[in-house]
Amino acid sequence: MRNLRRNDLAYTVYGSNDLECLINEHMKLIAARIEPYCEQYGISAVILGGGYGRGEGGATRLEDGSEKLHNDYDFFVTSNNISFFAKRRLKRFLDEISREFTSDIGIDVDFSPPKNKKELKRMDFNMMWQELKHGNKVILGDEDVLKLLPDYDIKHMPAIEGVKLMLNRGAGLILSKEKMADSPDAEDLEFVRRNIYKAWNACGDICLISADNYHWSYVERLKKLEQYREHDSLVGRFFSEIKEALEYKLQPGPMTVGAEELSNKLEYTVAVFEEFNARILWSWLNCASDDPATVYAELERSCGGPDTTLPKAVLKNIILNILYIGLVHFNIKFYLKNPRHRLFCCLPQLLLDKTPKQVYTNNTLGIANGESLKNAKNKFIQLWKRFN
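A quick note: this is a predicted structure, and the numbers were derived from the prediction, not measured.

Asks: Any chance you could explain the overall build of the protein chain here in plain terms?
Replies: A tally of helices and strands in the protein chain yields 17 helices and seven strands. Rg of the C-alpha trace for the protein chain: 21 Å, near the compact-globule value of 21 Å for 388 residues, within the 12% margin. Going through the 388 residues of the protein chain one by one, you find that 52% of them count as buried. Sequence-distant contacts in the protein chain: of pairs separated by 6 or more residues, those separated by 24 or more amount to 68%. For the protein chain, the accessible surface area stands at approximately 18200 Å², while carbon and sulfur atoms represent 50% of it. Averaging the positions of the 53 positive and the 54 negative side-chain charges in the protein chain gives two centres separated by 6 Å.

Here it is as structure tokens:
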């Protein structure tokens, strides 16, 4: 990797000063648009997260040498302990701002659902908020608000966070396979390329999570993985692919491969993805071996792994399963867990098109046994969009 330029004020690693100034101007515009309404809606802070928030946003280099933004703007909003209905009003206001600036800037400008400050204090150990705590830029309001988050050691990221990450990346690969099967245009090909690289980045991430050595920075993660090359065979075999994916994230270039070559790269990624997914499931389920066959058998036996046993959460899970799955193929173990656990079980089957497991997949997703693999994938993606 080339020498990296990093400082606390930068939004990118490789972007020019002109691109940095453009992003900074966008931040000023968004802050100025929201500021007059802070008191009305109870806003305590607006925080830029994601790649640009941590100073590692993508700077796309075009063929003519110019640059453009690659990532979305991901904002997090904290509120002054307002009511449920006040948060709903605030969310509608933020959705309006999102649509306005997405249209003006030309990339997605997203706002997470607002969190009250008291909610931050009791936040569980999750990847999204802990990465935000360590890599962010407050563009408006209380610059110390994230100090309210608990001081978890991010090195010891819970394995379930890696399992959820791989579910999201696996869903992206399923959608990519569908696009490649249906006369993809240039936009589809870029979608596929992006999701291939997202999957490889996640593969590197879960190796660090399973080794209790995670880091919030992409650049630092790559340095750690480089050290594991010698004694972790999985990292050693695929380090070049993981490194290439990180380079793409930091500085994407123009598409240089055709549809056929990209399709081959997608199939290769899907085949390898199974091994990495088994690695993080092995860590989460405490299996005797990280062999995929052993791990996936344990995943099915446990109906998607452990979940909370708190009565209030279990009751909520039962209601969600009835609402989104119904009562067909009833299995009490699944109904006591978040529906996301069904997706953990089905991902390996649907990603690799394992038709011999079709009955199991249909039962788990709550659809009739005669339904096709395509319909099972559609139900999977529908549930994923709701519970990812």
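Resuming the write-up.
Asks: Looking at this model, I keep getting lost on the confidence of the model for the protein chain. Mind explaining?
Replies: Do not read the predicted coordinates in detail wherever pLDDT is low. Across the protein chain, the average pLDDT comes to 93, with 97% of residues at 70 or higher. Note that residues 1-7 has pLDDT below 50 and, in this model, 26 contacts with residues that lie over four places away or in other chains.

Asks: Would you take a moment to explain the packing of helix α15 (residues 340-351) against helix α16 (residues 358-365) for this structure?
Replies: The relative placement of two packed helices is expressed as an angle between their axes plus a distance between the axes. Relative to each other, α15 and α16 sit at 150°, their axes nearing to 10 Å. If you check the angle between α15 and α16, you find them roughly antiparallel. Where α15 crosses over α16, the two elements pack in a sense that is left-handed. Of the residues in α16, those touching α15 at R342, L343, C345, C346, Q349 and L350 are Y360, T361, N363, T364 and L365. Taken together, the residues of the contact of α15 with α16 sort by class into six nonpolar, four polar and one charged.

Asks: Is there a simple way to think about the environment of P252 in this case?
Replies: Summarising the element assignment, P252 is placed in the loop between α10 (233-250) and α11 (259-285). Taking the relative accessible area as the measure of exposure, P252 reaches 2% and is therefore buried. Counting along the chain gives 49 residues from P252 to C203, while the straight-line C-alpha distance between them is 19 Å. Apart from the residues lying within four places of it in its own chain, the contact partners of P252 are G58, A59, T60, R61, H70 and E247.

Asks: Could you clarify how one ought to interpret the packing of helix α7 (residues 159-180) against α15 in this entry?
Replies: Contact geometry for α7 and α15: axes closest at 10 Å, N-to-C directions at 45°. Taken together, the axes of α7 and α15 are oblique relative to one another. Remark: the crossing between α7 and α15 carries left-handed chirality. Only R340, L343, F344, L347, L350 and L351 of α15 make contact with α7, whose side of the interface consists of I160, V163, K164, M166, L167, G170, A171, L173, I174 and K177. Its residues assigned to classes, the contact of α7 with α15 comprises twelve nonpolar, one polar and three charged.

The rules we used
Residues numbered from 1 in each chain as written. Predicted model: local features only at pLDDT ≥ 70, side-chain atom pairs only at ≥ 80, totals over all residues. Heavy atoms only, no water. Helix = DSSP H or I, 4+ residues; strand = E, 2+ residues; numbered from the N terminus. Rg over C-alpha atoms; globule rule 2.2 N^0.38 Å. Buried < 20%, exposed > 50% of the residue type's maximum accessible area, 1.4 Å probe, protein only. Contact = heavy atoms within 4.5 Å. Areas by Shrake-Rupley, 256 points an atom, 1.4 Å probe, with all protein chains shown as cover. Lys, Arg positive; Asp, Glu negative; His and termini not counted. Charge placed at Lys NZ, Arg CZ, Asp CG, Glu CD. pLDDT = per-residue confidence, 0-100. Axes fitted to C-alpha atoms, helices over the stretch in contact; angles between N-to-C directions. Parallel < 35°, antiparallel > 145°, perpendicular 65-115°, else oblique. Left-handed = near helix turned anticlockwise from the far one by under 90°. Nonpolar A, V, L, I, M, F, W, Y, C, P; charged D, E, K, R; others polar.

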